[in-house]
Amino acid sequence: MTTNWAAFSAAEPTFARTTEERFGLFTHHVLATLRKDGSPRTTGLEVRFLHGELWLGMMPGSMKALDLRRDPRFSLQANPGPGTEMAGGDIRISGRAIEAEDPELIARYVGEVDPPDPDAFHLFRTELTEVVRTYIEDEKYLAVQLWKPGAPARTTRRT
């Protein structure tokens, strides 16, 4: 089961807001895709939360774009930033990336994001399969917050 960012935000507004804030701390994040032989590929990526969608934009012909065209499964890890404190926690979003083909939708994205070459880039919207946040709670617990479509988020804690 998958869903878009708007559905996640409606179901879990606080978790979604925390996730957007965490991704907003840095420009570049880490995208994991699957190579032709099935092995993982990790690469840097900028992401955007616009109009109820999580967007992945890529340079034309990039290996990560070709990976997603062949197998749309991905995992996106928020940039941990400097040091080890990971303000806002460690957040990962997984799902499927669907390449945008609608010229009006792409033009709307270009109008707001202003990519380096607006005539040559790959744009993917995402369908989420899970969002996970790992963080320290009350300086005592390692907390793992997990959301999957169709179920409320749940948090487990360990000391």
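Each remark here, short or long, concerns the structure printed above.
Residues numbered from 1 in each chain as written. Predicted model: local features only at pLDDT ≥ 70, side-chain atom pairs only at ≥ 80, totals over all residues. Heavy atoms only, no water.

Engineer: It is not clear to me how the layout of surface pockets should be interpreted in this structure. Could you clarify?
Structural biologist: Leftover empty space is mapped by rolling, across the atoms, a probe with the size of a water molecule. For the largest pocket, the calculated volume is near 390 Å³. Along the walls of the largest pocket sit 20 residues, with Glu-46, Gly-57, Met-58, Met-59 and Pro-116 positioned nearest its centre. Across the lining of the largest pocket, the residue classes break down as eleven nonpolar, four polar and five charged. (1 Å grid on protein atoms, 1.4 Å probe; cavity = no way out; pocket = protein on both sides within 12 Å on 5 of 7 lines; lining within 4 Å. Points joined across faces, edges and corners; volume = space filled by probe spheres on them. Nonpolar A, V, L, I, M, F, W, Y, C, P; charged D, E, K, R; others polar.)

Engineer: Any chance you could explain the pattern of salt bridges here in plain terms?
Structural biologist: Close approach of charged atoms lets side chains of opposite charge pair. A complete count under the given rule lists ten salt bridges for this structure. Here Arg-70 ties to Asp-67 by a salt bridge, and the two come within 2.7 Å at their closest N and O atoms. Placement of the pair is Arg-70 and Asp-67 together in helix α3 (residues 63–70), with a separation of three residues, close to one helical turn. Residue class for Arg-70 comes out partly exposed when judged on its relative accessible area of 40%. Taking relative accessible area as the criterion, Asp-67 reaches 0% and is therefore assigned buried. Through salt bridges with shared partners, one network takes in Arg-41, Asp-67 and Arg-70. (Salt bridge = Lys/Arg side-chain N within 4 Å of Asp/Glu carboxyl O. Helix = DSSP H or I, 4+ residues; strand = E, 2+ residues; numbered from the N terminus. Buried < 20%, exposed > 50% of the residue type's maximum accessible area, 1.4 Å probe, protein only.)

Engineer: What is the right way to look at the packing of aromatic side chains in this model?
Structural biologist: Two aromatic rings are characterised by how far apart their centres lie and by the angle between their planes. The final tally for this structure, using the stated rule, is seven aromatic pairs. Plain terms: the ring middles of Phe-23 and Phe-49 are 6.1 Å apart, the flat faces sit at 70° to each other, and that makes the pair edge-to-face. You can see Phe-23 sitting in helix α2 (residues 13–24) and its partner Phe-49 sitting in strand β2 (residues 40–50), a full 26 residues away along the chain. What links up through ring pairs into an aromatic cluster is the set Trp-5, Phe-8, Phe-15, Phe-23, Phe-49 and Trp-147. Lying across the ring of Tyr-135, Arg-133 places its NZ or CZ 3.8 Å from the centre. (Phe/Tyr/Trp six-rings, centres within 6.5 Å; stacked < 30°, edge-to-face > 60°. Lys NZ or Arg CZ within 6 Å of the ring centre and 35° of its normal.)

Engineer: Explain the pairing of strand β3 (residues 53–58) here, please?
Structural biologist: Two faces belong to every sheet, and in a regular strand the side chains alternate between them. Taken across its six residues, β3 has five buried, putting it largely inside the fold. Where β2 lies against β3, four bridges are found, and the strand directions are antiparallel. By the bridge assignment, Val-47 is partnered in β3 with Leu-56. The antiparallel hairpin formed by β2 and β3 contains two residues in its connecting segment, where His-51 sits at a positive phi of about 55°. Note: β3 against strand β6 (residues 122–137), four bridges, orientation antiparallel. By the bridge assignment, Gly-57 is partnered in β6 with Leu-123. (Pairing = 2+ DSSP bridges.)

Bear in mind that shape data such as this cannot, by itself, settle questions of function.
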